[in-house]
Amino acid sequence: MDAMVSVPEPDPAELRATRPHLGIDPVAGLTLEDVPLAAIARSFGTPAWVYGAGTMRARARAFRAAFAACGLAPDIHFAVKANDHQAVLRLFAAEGLGADVVSGGELARARAAGMAATDIVFSGVGKTVAELDRALAEGVGQINVESAEELEMLAARARAAGRPAPVVLRVNPDVDAATHAKITTGRAENKFGIALAEAETVYARAARLEGITLRGLAFHIGSQITDLAAFRAACTRIADLARALRGRGLALDTVDFGGGLGISYRGEAVVGVDAYAGAIAATLGGLGVRLKTEPGRWLVGPAGVLLAAVVLVKETPGRRFVVLDAAMNDLLRPALYEAWHAMLPVAPARGPAGPVDVVGPVCESADRFAVGRMLPPLGPGALVAILDAGAYGAVMSSTYNSRPLLPVVMIERGRFALVRARQPEEALWAGERVPEWFG
Ligand SMILES: *Cc1c(COP(=O)(O)O)cnc(C)c1O
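Sequence order as written defines residue numbering, which begins from 1 separately in each chain. Since the coordinates come from a predicted model, pLDDT governs what is reported: local features require at least 70, and pairs of side-chain atoms require 80 or more to be given and counted, while whole-chain, interface and lining totals use all residues. Just so you know, side-chain values use all the structure's heavy atoms and leave hydrogens and water out.

### Considering the site of the ligand
The condition that has to hold: If even one non-hydrogen atom of a residue comes within 4 Å of a molecule or strand, that residue is called near it. A 3.5 Å cut-off defines polar contacts: any pair of N or O atoms within that distance qualifies, except that in protein one atom must be a possible hydrogen donor and the other a possible acceptor, and neighbouring residues in sequence count only when both atoms are side-chain atoms. Calculation of accessible area relied on Shrake-Rupley with a 1.4 Å probe; when residues are assessed, cover is drawn exclusively from the protein chains displayed. The rule is simple: put a 1 Å grid over the protein atoms alone, call a set of points where a 1.4 Å probe fits but cannot get out a cavity, call an open set with protein on both sides within 12 Å along at least five of seven lines a pocket, and count a residue as lining if it has an atom within 4 Å of a point. Think of it this way: a molecule belongs to a cavity or pocket when more than half its atoms come within 2 Å of the grid points there. The classification used treats Ala, Val, Leu, Ile, Met, Phe, Trp, Tyr, Cys and Pro as nonpolar, Asp, Glu, Lys and Arg as charged, and all other residues, Gly among them, as polar.
Every one of the 14 residues lining the ligand counts as a neighbour, but Lys81, Ser223, Glu294, Arg297 and Tyr392 are closest to it. Asp100 is positioned with one of its side-chain polar atoms (N or O) 3.4 Å from a nitrogen atom of the ligand. Separating an oxygen atom of the ligand from a backbone N or O atom of Gly260 is a distance of 2.8 Å. About the coverage of the ligand: the protein hides 93% of its 390 Å² of free accessible area. Put simply, the ligand lies in the largest pocket. Taken together, the residues that form the shell around the ligand break down as three nonpolar, six polar and five charged.

Right, dumping it as structure tokens:
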């Protein structure tokens, strides 16, 4: 995806112009929702995650408004895996969103953030018996079943619990979402969903299965999708399937069209939320069903930055490495997907830009954020903001190299608060035990 798109690198002014939450203070430098990032670094140190709550709210409202303009009011279930922080979940709950969860842990997080069980959708290709039991016991609003095997498993658990399971079947529409191979989910060879060719049979079985309250269909074709045709193709196939099911006398009152709407990381063309809503309306709007959606990245990606400081600049013959205090264990996307993240120095540039490799201190060659990136001169201690890190950022962090998890700071209307403290070093081994027989 990002790395393979050959568009020219945006310049700093362009990067800021397309991200209204960023600004420049002539003295303090780069700001996020009017708070100087330098002030955040002084208060909490680096590296740190910084989220703009105003930006998240504005995006949730824009998302809803785009559908309202097409006469639709889908239930919006924020995909918790994109950013699972309690403050983020509370913010979206206050905006009237529910959650899409993919594990017992995410279910617990969403409930802890005050989300009603009925506003939660449980997705995932390998929900365990314990997770299904928990979803039933808590009264989760919708379980997205991904296979005929899971359907039987869930029906048995629901009969045992004496509680019917509210189910939609996730169908794999076999379309190429034209995104990175690691985040496409809607091709026949992917593990997700029930094959289109088998969907009618499984649906018919589900409709008469004791323990199952069958509501309809779901699909999700991948993440960071920048091609409207892929969404349209998937929606058309699902709409055709819905009509075929009804033609066989099978009832259907819900279609969940998943998430996956991409954002522009480096100035590449993306699907606007209005065009997206328009395509949904044109394909699914006439079915007369309750629509549900599960956006993650689009809501939170642009709202977050990873704030880092330069440790040193290392010169080797023919290369200049800017070594940051942040690393792949903090933000994995560049190492995992070759993802491209824009970077802006926090202080106003002094001197012309030149190509540098931006790397972290972890002992892996994959620990690099950028290769040949044009950045102005940066000395030790200089602050760098890695942009669009609000989705699939902190959630994918590990403590590899015994690097504690980073603090999280949230900004809104010029105020800021620490919403997660930097992990203390002792916490790194807190759950560990040495066998008694070691003496
Ligand atoms: C990951 C995921 C989403 C969210 O995808 P985004 O690209 O972040 O919008 C929604 N639904 C399901 C089932 C997912 O796995």
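### Some remarks on the layout of surface pockets
This is how the line gets drawn: Grid points are joined across faces, edges and corners, and a volume is the space filled by probe spheres set on the points. Marked domain ranges trace back to an automatic or database domain assignment.
The computed volume of the largest pocket comes to approximately 550 Å³. Contributing to the lining of the largest pocket are 32 residues, with Lys81, Thr185, Phe192, His220 and Tyr392 lying nearest its centre. When grouped by side-chain class, the residues that make up the lining of the largest pocket number 12 nonpolar, 11 polar and nine charged. There are two domains that each give the lining of the largest pocket at least three residues, and those are domain 1 (12-52 + 301-429) and domain 2 (123-295).

### Regarding the sheet that holds strand 2 (residues 29-32)
Quick reminder of the rule: Any two strands between which DSSP finds at least two bridges are classified as paired. To qualify as a helix, a DSSP run of H or I must reach at least 4 residues; to qualify as a strand, a run of E must reach at least 2; elements of each kind are numbered from the N terminus.
Taken in spatial order, the three strands of this open sheet run 1-2-3, and their pairing is antiparallel. Bordering the open sheet on either side are strand 1 (22-25) and strand 3 (35-36), each of which pairs with just one other strand. Of the strand pairs in this sheet, strand 1 and strand 2 are connected by four bridges, and their pairing is antiparallel. Its bridge partner lying in strand 2, Gly23 is registered against Thr31.

### A short note on the packing of aromatic side chains
Which entries qualify depends on this criterion: Geometry of aromatic contacts follows a simple scheme: Phe, Tyr and Trp rings, the Trp one being its six-membered ring, pair when their centres are within 6.5 Å, and the pair is stacked under 30 degrees between planes, edge-to-face over 60, tilted otherwise. Any residue under 20% of the maximum accessible area for its type is buried, any over 50% is exposed, and the rest in between are partly exposed; the area is computed with a 1.4 Å probe on protein chains only.
A complete count under the given rule lists 10 aromatic pairs for this structure. Geometrically, the ring pair formed by Phe67 and Phe257 is tilted, given 5.7 Å between the ring centres and 40 degrees between the ring planes. Placement of the pair is Phe67 in helix 3 (residues 53-68) and Phe257 in the loop between strand 12 (254-256) and helix 10 (273-284), with a sequence separation of 190 residues. Taken individually, Phe67 and Phe257 each receive the classification buried, so the pair is uniform in this respect. Pairing Phe78 with Phe92 gives two aromatic rings, centres 4.6 Å apart and planes at 40 degrees, and the pair type is tilted. Here Phe78 is found in strand 5 (residues 75-79), whereas its partner Phe92 is found in helix 4 (residues 86-94), with 14 residues between them in sequence.

### Quick look at helix 3
For the record, the criterion: Here, expected helix span is obtained from the residue count minus one, scaled by 1.5 Å.
The first and last C-alpha atoms of helix 3 sit 23 Å apart over 16 residues, in line with the 22 Å expected at 1.5 Å per residue. Among all positions of helix 3, only Ala53, Thr55, Met56, Arg59, Ala60, Phe63, Ala66 and Phe67 are buried.

### Some details on the pairing of strand 5
The condition that has to hold: When the strands point away from the viewer and the connection leading from the first strand across the helix to the second strand turns clockwise, the crossover is called right-handed.
For strand 5, the tally of buried residues reaches four of five residues, placing the bulk of the element in the interior. As paired elements, strand 5 and strand 13 (residues 290-293) share two bridges and run parallel to each other. Bridge assignment links Ile76 to a residue of strand 13, and that residue is Thr293. Of the strand pairs in this sheet, strand 5 and strand 6 (residues 98-101) are connected by three bridges, and their pairing is parallel. Residue pairing for strand 6: Phe78 is matched across the bridge by Ala99. Crossover handedness for the path strand 5 to helix 4 to strand 6: right-handed.

### Looking at the pattern of salt bridges
As a reminder of what qualifies: Salt bridge, as applied in this entry: a Lys or Arg side-chain nitrogen positioned within 4 Å of an Asp or Glu carboxyl oxygen.
Inspection of the entire model under this criterion finds 17 salt bridges. In this structure, Glu95 and Arg61 form a salt bridge, with 2.7 Å as the shortest nitrogen-oxygen distance. One end of the pair, Glu95, is in the loop between helix 4 and strand 6; the other, Arg61, is in helix 3, and 34 residues separate them in sequence. On the basis of relative accessible area, Glu95 is assigned to the buried category, the value being 13%. Arg61 gets classed as partly exposed once you look at its relative accessible area, which sits at 49%. A salt bridge links Lys127 to Glu150, with the shortest nitrogen-to-oxygen separation between them at 2.7 Å. Taken as a pair, Lys127 in the loop between strand 7 (120-122) and helix 6 (129-138) and Glu150 in helix 7 (residues 148-161) lie far apart in primary sequence, 23 residues in all. Here Lys127 and Glu150 have matching classes, each one buried. If you follow the salt bridges from partner to partner, you end up with Arg57, Arg61, Glu95 and Glu412 in one network.

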